[in-house]
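So the chains spell out like this:
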Amino acid sequence: TRWHRTAIYRRRLPADAPPPSNVSLPIFRPPSARKRDEFRRGLWAFPGGRISIEGSPFGVTPPNACWAESLHSLDWLTHFARTDEPDAESDARSLVEQWLDLVDFETPHAFAPHVLGRRLMVLFAMRDELISRHRDEFAQRLLASMAMQTKVLRDTIGYATTGESQITATLGLTMGELWLG
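Residues numbered from 1 in each chain as written. Predicted model: local features only at pLDDT ≥ 70, side-chain atom pairs only at ≥ 80, totals over all residues. Heavy atoms only, no water.

1. Section: the packing of aromatic side chains
Centre-to-centre distance and the angle between the planes together describe a pair of aromatic rings.
Reasoning step 1: Under the counting rule described, the total for this entry stands at eleven aromatic pairs.
Reasoning step 2: Ring centres of Phe39 and Phe80 lie 6.5 Å apart, and the angle between their planes is 25°; on these two criteria the pair is classed as stacked. With Phe39 in helix α2 (residues 33-40) and Phe80 in the loop between α3 (65-73) and α4 (88-102), the pair connects residues that are 41 residues apart, well separated along the chain.
Reasoning step 3: The exposure class of Phe39 is buried, given its relative accessible area of 5%.
Reasoning step 4: Within the aromatic cluster, the residues linked to one another by ring pairs are Phe39, Trp44, Phe46, Phe58, Trp67, Trp76 and Phe80. (Phe/Tyr/Trp six-rings, centres within 6.5 Å; stacked < 30°, edge-to-face > 60°. Helix = DSSP H or I, 4+ residues; strand = E, 2+ residues; numbered from the N terminus. Buried < 20%, exposed > 50% of the residue type's maximum accessible area, 1.4 Å probe, protein only.)

What follows is the structure, encoded as structure tokens:
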């Protein structure tokens, strides 16, 4: 086709370019110590409501769909990133581990294509902080979950609503496919 003859298509990456699995993505927003402290105290405020939780946020019934999507997207996890605070990394790992333990395909809103896309973008952006110093059972579970979520998104992306949701799902899938190689 004409596309295959263009200079853009024929351009090659330099030989020293890192493989896609080593590409590190920036965190999407600056972390907030105030939000991090609220989460630790059990105050979970997202679009759709603010609730106080004893224990895991993944074990409660969400007040509405918008709140549930915000929770399951994990994009709030970025408040535990890039900080000198010693407990932030272990808190982030603990919250992701709770998500892995308590959330399944039956959890409403957790596997909507745009929520999956947002979650995958966050997990890929934070994967170094979550697993770089740890090659343990958690790291293996997280990587296996990320691969499974990418495959689920590949199968369900056609159900994403046109517009921002579709773009979000596509970005998440693109990151997942690059990572899976």
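2. Looking at helix α5 (residues 113-131)
Reasoning step 1: Taken as a whole, α5 carries its principal kink of about 50° at Ala125.
Reasoning step 2: The buried count for α5 comes to 16 of 19 residues, which makes it a mostly enclosed element. (Bend = angle between axes of the 7 residues up to and from the residue.)

3. What to know about the layout of surface pockets
Vacant regions in the atomic arrangement are exposed by a probe of water-molecule size rolled over the atoms.
Reasoning step 1: Taken as a whole, the largest pocket encloses approximately 190 Å³ of empty space.
Reasoning step 2: Elements represented by at least two residues in the lining of the largest pocket include exactly α2 and α4.
Reasoning step 3: It is α4 that provides the largest number of residues to the lining of the largest pocket, a total of four residues.
Reasoning step 4: For the lining of the largest pocket, the per-class residue count stands at six nonpolar, five polar and three charged. (1 Å grid on protein atoms, 1.4 Å probe; cavity = no way out; pocket = protein on both sides within 12 Å on 5 of 7 lines; lining within 4 Å. Points joined across faces, edges and corners; volume = space filled by probe spheres on them. Nonpolar A, V, L, I, M, F, W, Y, C, P; charged D, E, K, R; others polar.)

4. Quick word on the confidence of the model for the chain
Reasoning step 1: Looking at the chain, the pLDDT average stands at 86 and 84% of residues meet or exceed 70.
Reasoning step 2: Within the model, pLDDT remains below 50 along residues 12-26, and this stretch shows eleven contacts once partners closer than five positions in the same chain are excluded. (pLDDT = per-residue confidence, 0-100. Contact = heavy atoms within 4.5 Å.)

5. Quick notes on the environment of Thr174
Reasoning step 1: Structurally, Thr174 can be placed in helix α7 (residues 164-180).
Reasoning step 2: Owing to a relative accessible area of 41%, Thr174 belongs among the partly exposed residues under this scheme.
Reasoning step 3: Put simply, Thr174 and Leu120 are 54 residues apart on the chain and 9.7 Å apart in space, counted from C-alpha to C-alpha.

6. Details of the nonpolar core
Reasoning step 1: Counting residues in hydrophobic clusters, the biggest one holds 43 residues, and the most contacted among them are Trp44, Trp76, Leu77, Val96, Leu130 and Leu142.
Reasoning step 2: If you tally residues by element for this core, the top one is α5, at nine residues.
Reasoning step 3: Once residues within four sequence positions are removed from consideration, Val96 is found in contact with Leu77, Leu123, Leu130, Phe138 and Leu142. (Core = buried A, V, L, I, M, F, W, Y, C linked by side-chain atoms within 4.5 Å.)

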